[in-house]
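Residues per chain, in single letters:
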Amino acid sequence: MSTIKQLHINGEKRTVAADSERSLLHVLREDLGMTGSKYGCGEGQCGACTVLINGQQTRSCITAVGDVAGKQITTIEGLEHNGHLHPLQEAFLETGAMQCGYCTAGMIMSGVALLNKNNNPTQQDIVTSMQGNVCRCGTYTRIMAAVQQAGKQMQKGVK
Amino acid sequence: MSKLQPSITASQRPPIEPERYELYAPPTYQFTLVRRDFFKVLGGGLVVLCLLPDTLTQGAEAQESGGGRRRGGGNAAPQDIGAWLHIGEDGQVTVYTGKVEVGQNIRTSLTQVVAEELHAPVSLITMVMADTDVTPYDMGTFGSRTTPTMSPQLRKAAAAAREALLDLAAQQWQVERSLLVVSNGKVTHSGTQQTANFGQLTKGQQLVKTIEAADLTPADHWKVAGQSVPKVDGRSIVTGKHQFAADVQRPGMLYGKVLRPAAFNATLSSLDTKQADTMAGVKVVRDGDFVGVTAPNSDVAENAIDALKADWKTTSQPSSAELFDYLKKTAKDAGNPAAPSPIADAFSGAEKKLEATYTVAYIAHAPLEPRAAVAEWSDGKLTVWTGTQRPFGVRGELANAFGIPESQVRVIVPDTGSGYGGKHTGEAAVEAARLAKAVGKPVKLVWTREEEFTWAYFRPAGVIDVTSGVSHDGTLTAWEFHNYNSGGSGIETPYEVPHKKIEFHQTQAPLRQGSYRGLAATANHFARESHMDELAHTLNLDPLEFRLKNLKDARLRAVLEAAASRFGWGKTKPAANHGFGIAGGNEKGGYVATCAEVAIDRPSGRVKVVRAVTTFECGAVINPDHLKNQVEGATMMGIGGALTEAIEFADGKITNPHFARYRVPRFADAPTIEVVLLDRKDLPPAGAGETPIVAIAPAIGNAIFDAVGVRLRSLPMAPKGVKLT
């Protein structure tokens, strides 16, 4: 078992000492104190742990940390810059697209991955891209509205 | 023929409903520990204490048998205080309540009502919630009680604080009190324009006021309450900064995991820990049948549990295949159907009679945040951060488990990743605390999804037998309704019927069961509102018309009519294999009606809910957007129980404990949801977290019948689609 010593997270190099087989989610949460990504099922079935790996939405709970060494990891903590929120974070607030908020980080990361590829998604695009994310409180219609609203902002060049 | 009284009436119903089984369950583990005392005080400024209304006190006493005692011990909270409000010398307003935020947005709605009565901006107010050392005792956040009970208490406290601030200003400025006004967080003299904020007035004070009554602002004069104020902590959620229980970190903290028995009711016959004992940083903890490990991280903890070799003695147990027979067979008070009764006479005289049986499966709450706790012992005192709807109940569980006074236990509940009635118990808290005690370090324990699907409790399954009598013109003449096991909530019919017999029968339960959003109101509404639809079709009457013909309750009529109007009830369906259904009801002070449109795919039989229109009325609305969000969410969640969700089990094992095999609603299942709120400013606000879920399942079932002529009487109705002939 090899040891991973460095990860590229949110544009920074972070020092770790983690067995390569450990889950990325646990390393983020337990070794680096980055608890924004959530454990929901540990099986890649709910999307609460979603992060971006080189821009692709990825379930960090079933991703071995050894597989992402050297790749660009983006977590929910990396979306806010100097107090400035990502358009999708703003849109979640404006549309009230949450209740308990436990799925929110994963939803936003999945939504950002989609919007980076397609900033004018239809409802069907969102369903296709985000079917793996569960909101048990049932705010799906609001989340779809938030993703589309953020897309409109991004079309105008808002970052 | 005499009119029969139903066996359960609203006035006779105990404060804790019978289906809250989880509150009466014995503790899983009991350990021993030593006793110490603890005291806590508030700082200077102005404190307003709210006395508990009698009704609440009675409810709390009723709960004592359930393990959630309010002995108080050395806790700071006096016994008859429901909440308190503190205006510090810095002018900050802090409100203390034992209620828990689980996504129902009470942190925001309670802030709003305080802001309203205090005449202060929302931003000045902080809610401290669910910390047993600093918030007053509260029996728990369930039963849609926060809005009808806690909200008025806080309104009174805030109104009394406003009056006290006027007194202070009048004294300090030596002016006529009637010339002073409180507005936007300041007291101002209307003549001299002299002004002071709350901090300037409370500086150097140590005032304590106790209130029982206060003049409250009527809803039609509200300025802050009644508005769609955004979620007060929304920003911390969207940035990932909010710390749920599982996010709490303590210095030196280890990660724990518990060895689960091979099946329910299994006992440990042998345990080999050799391999786990050799793992670096791992400690195996055994206390009776409790076996757990601690490790430097979760991955190692999982490996250590896998390395344990345990033999369990298991027993044969009922399976989901025989569930409904089992419930009927084990009914504790099935009565004597052969005995002559007035209801039998009513049926023999009925022009038409209809009998049908409805069933509901066991379902899981599946909160996205599974049970989680961080436990820390310090000088014999235990502090636990955990997600629960009953912080004081969990404090009691911990005190019981370790044989220590409640004064030695502090339970802190961070705003929690939902509950839906599923987090009334403190299993993870007890387990984390036992491990932490063994290793002398803080321990975090997060249940896996499989553990949450297996070792939490379930919404009770049930069988409901309905017999009805009706005249040819569509007048209900007799109604008999027997609910086996699922529960008594929402069992009363709102329809006018001269002869009725309505009974809830307890049975043996093959699984650990307990509260769920709306309790049995979902099952009882499903049976009743499906049956009403069947009657309407039998009589060739429009289902809405048939309901209204037998309904006097003006509030229920209003929501049915409003939903039908918005939905376009009676209009032509857009395509073949589409159907319309309607259902309604009332529970916990809320009135709901849902119209659903479904589309059935042929030949697969897959059901898609295309559109759902729900009208909800719960008195005066405190936050319209958050209320809409609750109604939308309840609709969405209800679609799961209606169509796909069912716990499967055999021989003491849950056989589908994964999201891949337990189908919760996802994006593709979302219909167009329209919510119509009827804002009754003339009525006190009722809670809204539960009741909006009760009408969606029968509305969908009725729409399926309308679409393809198939009547589905079992929840979930179509886990594999509708069987079409």
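Definitions and cut-offs
Residues numbered from 1 in each chain as written. Chains lettered and ligands numbered in written order. Predicted model: local features only at pLDDT ≥ 70, side-chain atom pairs only at ≥ 80, totals over all residues. Heavy atoms only, no water. Helix = DSSP H or I, 4+ residues; strand = E, 2+ residues; numbered from the N terminus. Contact = heavy atoms within 4.5 Å. Areas by Shrake-Rupley, 256 points an atom, 1.4 Å probe, with all protein chains shown as cover. Lys, Arg positive; Asp, Glu negative; His and termini not counted. Charge placed at Lys NZ, Arg CZ, Asp CG, Glu CD. Phe/Tyr/Trp six-rings, centres within 6.5 Å; stacked < 30°, edge-to-face > 60°. Buried < 20%, exposed > 50% of the residue type's maximum accessible area, 1.4 Å probe, protein only. Lys NZ or Arg CZ within 6 Å of the ring centre and 35° of its normal. Expected span 1.5 Å × (residues − 1). Pairing = 2+ DSSP bridges. Axes fitted to C-alpha atoms, helices over the stretch in contact; angles between N-to-C directions. Polar contact = N/O pair within 3.5 Å; in protein donor to acceptor, adjacent residues only side chain to side chain. Buried area = accessible area lost by both parts, 1.4 Å probe. Salt bridge = Lys/Arg side-chain N within 4 Å of Asp/Glu carboxyl O. Domains from an automatic or database assignment. Core = buried A, V, L, I, M, F, W, Y, C linked by side-chain atoms within 4.5 Å. Disulfide = S-S within 2.5 Å.

A. Inspection of the overall build of chain B at higher detail. The secondary structure content of chain B amounts to 17 helices and 28 strands. Projecting the C-alpha coordinates of chain B onto the three principal axes gives extents of approximately 80 × 80 × 50 Å. Taking the intrachain contacts of chain B between residues at least 6 apart in sequence as the baseline, contacts between residues at least 24 apart amount to 77%. Roughly 26,200 Å² of accessible area belongs to chain B as shown, and the carbon and sulfur atoms make up 50% of that amount. With 77 positive and 77 negative side-chain charges, chain B shows a spacing of 2 Å between the two charge centroids.

B. Representation of the packing of aromatic side chains within the structure. Residue and element names in this part refer to chain B. In the structure shown here, the tally under the stated rule is 14 aromatic pairs over all chains. On the numbers, 6.2 Å between centres and 20 degrees between planes, the contact of Trp479 with Phe481 is stacked. Neither residue differs from the other here; Trp479 and Phe481 are each classed as buried. These aromatic residues form a ring-pair network of at least three members: Tyr362, Phe458 and Phe649. The ring of Phe705 carries Arg711 above its face, with NZ or CZ at 4.4 Å from the centroid.

C. Expanded view of helix H3 (residues 104–117) of chain A. Here H3 of chain A is 14 residues long and its end C-alpha atoms lie 20 Å apart, about the 20 Å a rise of 1.5 Å per residue gives. Taken as a whole, H3 of chain A has its buried residues at Thr104, Ala105, Gly106, Met107, Ile108, Met109, Ser110, Gly111, Val112, Ala113, Leu114 and Leu115 of chain A.

D. Geometry of the sheet that holds strand E12 (residues 290–295) of chain B. Residues and elements named next belong to chain B. Ordered by their spatial adjacency, 7 strands build an open sheet running E11-E12-E9-E18-E15-E16-E17, and the pairing between neighbours is mixed. Edge strands, defined here as strands with exactly one partner in the open sheet, are strand E11 (283–287) and strand E17 (409–412). Each strand axis lies, on average, 25 degrees off the axis of its neighbour in the sheet, ignoring direction. Looking at chain direction, strand E9 (residues 254–258) and E12 are connected through 4 bridges and run antiparallel. Paired with Lys257 across the strands is Val293, a residue of E12. Sheet strands touched by helix H7 (residues 298–307): E9 and E12. Its angle to E9, the strand with the most contacts, is close to 30 degrees.

E. Main features of the side chain of Lys231 of chain B. Considering the arrangement of structural elements, one finds Lys231 of chain B in the loop between strand E8 (206–211) and helix H5 (234–238). Within the structure, the side chain of Lys231 of chain B is placed 2.7 Å from the backbone oxygen of Gln99 of chain A, a separation counted as a polar contact. In contact with Lys231 of chain B, not counting residues within four places along its chain, are Met98 and Gln99 of chain A together with Glu101, Asn105, Thr108, Ile237 and His626 of chain B.

F. Structural view of the interface of chain A and chain B. If you look at the interface, chain A gives 50 residues, while chain B gives 60 residues. A buried area of about 4,400 Å², summed over both sides, lies between chain A and chain B, and 53% of it is on carbon and sulfur atoms. Taken together, the links from chain A to chain B amount to 8 salt bridges. For Glu632 of chain B, the salt bridge goes to Arg142 of chain A, with nearest N and O atoms at 2.7 Å. Linking chain A with chain B are 32 residue pairs in polar contact (both at pLDDT 80 or more). Among the secondary structure elements, those contributing two or more residues to the side of chain A that touches chain B are helix H1 (24–31), helix H2 (87–95), H3, helix H4 (123–130) and helix H5 (140–155) of chain A. Examining the composition of the side of chain A that touches chain B, we find that 5 residues originate from one element, H5 of chain A, more than from any other.

G. Molecular detail of the pairing of strand E5 (residues 180–183) of chain B. All names here are of chain B. Alternating residues of E5 divide into Leu180 and Val182, all buried, and Val181 and Ser183, none buried. Here E5 pairs with strand E6 (residues 186–189) via 4 bridges, running antiparallel. Within the sheet, the bridge partner assigned to Val182 lies in E6 and is Val187. Connecting E5 to the antiparallel partner E6 that follows it, the hairpin turn spans 2 residues, and Asn184 within it adopts a positive phi of roughly 50 degrees.

H. Examining the domain arrangement of chain A more closely. Residue and element names in this part refer to chain A. Considered domain by domain, chain A is made up of domain 1 (3–78) and domain 2 (87–155). Between domain 1 and domain 2, the contact holds 16 residues from the first and 14 residues from the second. Summing both partners gives a buried area of about 1,200 Å² for domain 1 against domain 2, and 56% of it is carried by carbon and sulfur. The largest contributions to the domain 1 side of the interface with domain 2 come from Leu52, Gln57 and Ile76, which together make up 38% of the buried area. Remark: the boundary between domain 1 and domain 2 carries 0 salt bridges.

I. Fine view of the environment of Asn524 of chain B. Residues and elements named next belong to chain B. Mapping Asn524 onto the fold places it in helix H13 (residues 521–538). Taking the C-alpha atoms as reference points, Asn524 and Glu351, separated by 173 residues in sequence, lie 25 Å from one another. Setting aside its immediate chain neighbours within four residues, Asn524 contacts Ile464, Phe481, Asn483, Gly487, Gly488, Ser489, Gly490 and Ile491.

J. Molecular detail of the pattern of salt bridges. Residue and element names in this part refer to chain B. Considering all chains together, one arrives at 47 salt bridges over all chains under this definition. Note that Glu369 is salt-bridged to Lys423, the shortest N-O span being 3.7 Å. Taken as a pair, Glu369 in the loop between strand E14 (352–360) and strand E15 (372–378) and Lys423 in the loop between E17 and helix H11 (427–439) lie far apart in primary sequence, 54 residues in all. Comparing Glu369 with Lys423 shows no difference in burial state: the two are buried. Arg557 is paired through a salt bridge with Glu561; the nearest N and O atoms lie 3.9 Å apart.

K. How the structure looks around the nonpolar core. Residue and element names in this part refer to chain B. If you look at the biggest cluster of nonpolar residues, it comprises 222 residues, and the most contacted ones within it are Leu398 and Ile700. Those residues within four positions of Leu398 in sequence are excluded, and the remaining contacts are Leu382, Val384, Val409, Val411, Ala429, Val430 and Ala433. Core analysis: the next-biggest nonpolar cluster, separate from the first, contains 16 residues, Leu268, Val282, Ala301 and Leu308 among them.

L. Just the sheet that holds strand E24 (residues 607–617) of chain B, in detail. All names here are of chain B. Read across the sheet, 4 strands follow the order E22-E23-E24-E27 without closing on themselves; strand pairing throughout is mixed. Sheet topology places strand E22 (578–587) and strand E27 (672–677) at the edges, where each strand pairs with a single neighbour. On average, adjacent strands in this sheet sit at an angle of 15 degrees to one another, irrespective of strand direction. Seen against the sheet, helix H16 (residues 624–643) touches E24 and E27 and runs at an angle of roughly 130 degrees to E27.

M. The arrangement of the state of the cysteines in detail. In total, this model carries 0 disulfides over all chains according to the counting rule given. No disulfide involves Cys100 of chain A; its sulfur sits 3.8 Å from the nearest other cysteine sulfur, which is in Cys137 of chain A. For Cys100 of chain A, a relative accessible area of 8% gives the class buried. For the unlinked cysteine Cys618 of chain B, the closest cysteine sulfur is that of Cys137 of chain A, found at 18 Å. On the accessibility criterion, Cys618 of chain B (4% relative accessible area) is buried.

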